[in-house]
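The chain contents come next:
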Amino acid sequence: DKVIRVVPESERETQILRAAFSRLKVDLWQPSSPFHIVGGTVADVRVPRDTTRSLLPYLRQANIPYTILISDLQQAIENQTGGRSHRNRRSLSGYNYEVYHSLEEIEDWMHYLNRTYSDLVHMFSVGKSYEGRPLYVLKLGKRSRPYKKAVWIDCGIHAREWIGPAFCQWFVKEALQTYQTDPDMRRMLTQLYFYIMPVFNVDGYHFSWTNDRFWRKTRSKNMRFHCHGVDANRNWKVKWCDEGASLHPCDDTYCGPFPESEPEVKAVAHFLRKHRKQIKAYLSFHAYAQMLLYPYSYKYATIPNFNCVESAAYNAVNALQSAYGVRYRYGPASSTLYVSSGSSMDWAYKNGIPYAFAFELRDTGHFGFLLPETLIKPTCTETMLAVKNITLHLLKKC
């Protein structure tokens, strides 16, 4: 299998690509559906070996230039995780935050923190996944007073975006390790609670480790089409299944049979609704594109508290860049990325959470979903600066 990049230059090329990609059942990495392919923007596509033989000559014949981003995908998958078997990743006191961890390891780690840092960490479950796995959340913060504002952070809504869960774990590690020494962190944990969900889509994430590294959706079954899963970021009750979502169960952006059909989405939505007076920020971590997005996703319109959110985003992106010079684009999701309906970020905003952001972490396509483990540390270090920035912005009345 290969990953190729095409940038259509004209309406003709755009139409050809949309038609070809829809017909050939390729796996679109960027954007998430053929519908979103537009002139002048990047399309990254994973092409199965047997399709390569027909697709590449077809593109050449149509005079559409392409570049090969990854020429041997299997090799790239093996490169991403290095020699897994050779290292002891089970010891929790020496837990390695610079490697990717399986769901089982992440859950063991959460239990460990719950036992070890009982003054700052409280672990609980908001429900069960389709396959019956617990949906664990860590509540992080000093129990200094009964009522505190809170920040919700989730990672891994899309299973194959492994850098997301890696960041959620990194955030918790940083909070616990620097709480004593960093006045900003101390202030954050004293004045706020953080609800952190390291793996939102537990079934999908597990499946991406055991069966298909590029699985995106949940794992619910569809009886009529024998296709599994719903896009958990198209399943929320906000302009559900409108533009940018698919009604077809086999598509990657399938919105589901009805809003909150997925037990994972339903459970988190229920929790957020219950705590909506307390939760002031919603942060969701995705990959890849290097963007910081805020509402709306489903329409081109300016949010009422635009100035506050825009300045928070601007400062966060600058803080992020200060670490390694990595540039992030920022802005409303609809115009910065593409229009999509039923997203968690829009839902959070619509339900009264004034700061709702979605991060698209590294990179911009060289590795795509296969960001090497050597890049976990720099990615998480810079992202940490952005998150702290947003959180401190929240503590100042905007």
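None of the values given here were measured: they were computed from a predicted structure.

## Let's talk about the UniProt feature "domain: Peptidase M14" (unreviewed entry) in the protein
Under the UniProt annotation, the feature "domain: Peptidase M14" (unreviewed entry) is placed at residues 99-394. Between the end C-alpha atoms of residues 99-394 the distance is 31 Å, and the span holds 37% helix and 18% strand.

## Some points on the sheet that holds strand β4 (residues 66-70)
Reading across the sheet, the four strands line up as β2-β3-β1-β4 and stay open at both edges, with antiparallel pairing between neighbours. For this open sheet the edge positions go to β2 (27-30) and β4, each flanked by a neighbour on one side alone. Strand-to-strand, the axes of this sheet are offset by a mean angle of 30°, without reference to chain direction. Sheet analysis places β2 next to strand β3 (residues 43-47), joined by three bridges and oriented antiparallel. Bridge pairing in β3 links Asp27 to Arg46.

## Notes on the side chain of Arg234
Mapping Arg234 onto the fold places it in the loop between α7 (202-210) and α8 (263-274). The exposure class of Arg234 is buried, given its relative accessible area of 2%. Leaving out residues up to four positions away in the same chain, Arg234 has contacts with Ser32, Arg216, Trp240, Gly244, Ala245, Thr253, Tyr254, Cys255, Tyr338, Ser340, Ser341 and Gly342.

## A word on the environment of Lys299
Structurally, Lys299 is set in the loop between β10 (291-294) and α9 (306-324). Residue classification places Lys299 among the partly exposed positions, given a relative accessible area of 31%. Spatially, the C-alpha atom of Lys299 lies 8.9 Å from that of Ala333, the residues being 34 residues apart in sequence.

## As for the sheet that holds strand β8 (residues 192-197)
Judged by pairing direction, the sheet is mixed, and its eight strands sit side by side in the order β5-β6-β8-β7-β9-β12-β10-β11 without closing on themselves. Every interior strand has two partners, whereas the edge strands, β5 (121-128) and β11 (329-332), have only one. Between one strand axis and the next, the sheet turns through 20° on average, direction left out of account. As judged from the four bridges shared by β10 and β11, these two strands associate in the parallel manner. Across the sheet, Tyr294 pairs through a bridge with Pro332, a residue of β11. Along the sheet face, helix α4 (residues 103-116) touches β5 and β6 (134-140) and points at about 40° away from the line of β6.

## Section: the packing of α4 against helix α5 (residues 163-178)
One can describe the packing of α4 onto α5 by two numbers: an axis separation of 12 Å at closest approach and a directional angle of 20°. In terms of their interaxial angle, α4 and α5 are classed as roughly parallel. In the packing of α4 onto α5, the handedness of the crossing is left-handed. From α4, Ile106, Trp109 and Leu113 reach across to α5, where they touch Pro165, Gln169, Val172 and Leu176. Across the contact of α4 with α5, the residue classes break down as six nonpolar, one polar and no charged.

## Some thoughts on the UniProt feature "active site" (unreviewed entry) in the protein
The sites that carry the UniProt feature "active site" (unreviewed entry) are, in the present numbering, Glu360. Note on placement: Glu360 falls in strand β12 (residues 355-361). Using a relative accessible area of 12% as the deciding quantity, one classes Glu360 as buried. Sequence-distant contacts of Glu360, defined by excluding residues within four places in its chain, comprise His286, Ala287, Tyr288, Ala289, Gln290, Met291, Leu293, Tyr328 and Leu337. Here Ala287 takes part through its backbone nitrogen, which lies 3.4 Å from a polar atom of the side chain of Glu360.

## A closer look at the domain arrangement of the protein
For the protein, the domain assignment lists domain 1 (2-71) and domain 2 (103-210 + 244-395). Spacing between the C-alpha centres of domain 1 and domain 2 amounts to 30 Å. With 13 residues of domain 1 at the interface, the matching set in domain 2 holds 14 residues. In total, about 1,100 Å² of surface goes out of reach between domain 1 and domain 2, with carbon and sulfur atoms giving 48% of it. If you sort the residues of domain 1 by the area they bury against domain 2, Trp29, Gln30 and His36 come out on top, with a joint share of 45%. Linking domain 1 with domain 2 are one salt bridge. Measuring nitrogen to oxygen at the nearest pair gives 3.1 Å for the salt bridge that ties Asp27 to Arg160. Viewed at the interface, domain 2 and domain 1 are joined by seven residue pairs in polar contact (both at pLDDT 80 or more). Sorting the residues of the side of domain 1 that touches domain 2 by element identifies β2 and β4 as the ones contributing at least two each. Considering every element that reaches the side of domain 1 that touches domain 2, the biggest residue donor is β2, with four residues.

Analysis parameters
- Residues numbered from 1 in each chain as written.
- Predicted model: local features only at pLDDT ≥ 70, side-chain atom pairs only at ≥ 80, totals over all residues.
- Heavy atoms only, no water.
- UniProt positions renumbered as here; feature names shortened; annotations may be inferred.
- Helix = DSSP H or I, 4+ residues; strand = E, 2+ residues; numbered from the N terminus.
- Pairing = 2+ DSSP bridges.
- Axes fitted to C-alpha atoms, helices over the stretch in contact; angles between N-to-C directions.
- Buried < 20%, exposed > 50% of the residue type's maximum accessible area, 1.4 Å probe, protein only.
- Contact = heavy atoms within 4.5 Å.
- Parallel < 35°, antiparallel > 145°, perpendicular 65-115°, else oblique.
- Left-handed = near helix turned anticlockwise from the far one by under 90°.
- Nonpolar A, V, L, I, M, F, W, Y, C, P; charged D, E, K, R; others polar.
- Polar contact = N/O pair within 3.5 Å; in protein donor to acceptor, adjacent residues only side chain to side chain.
- Domains from an automatic or database assignment.
- Buried area = accessible area lost by both parts, 1.4 Å probe.
- Salt bridge = Lys/Arg side-chain N within 4 Å of Asp/Glu carboxyl O.

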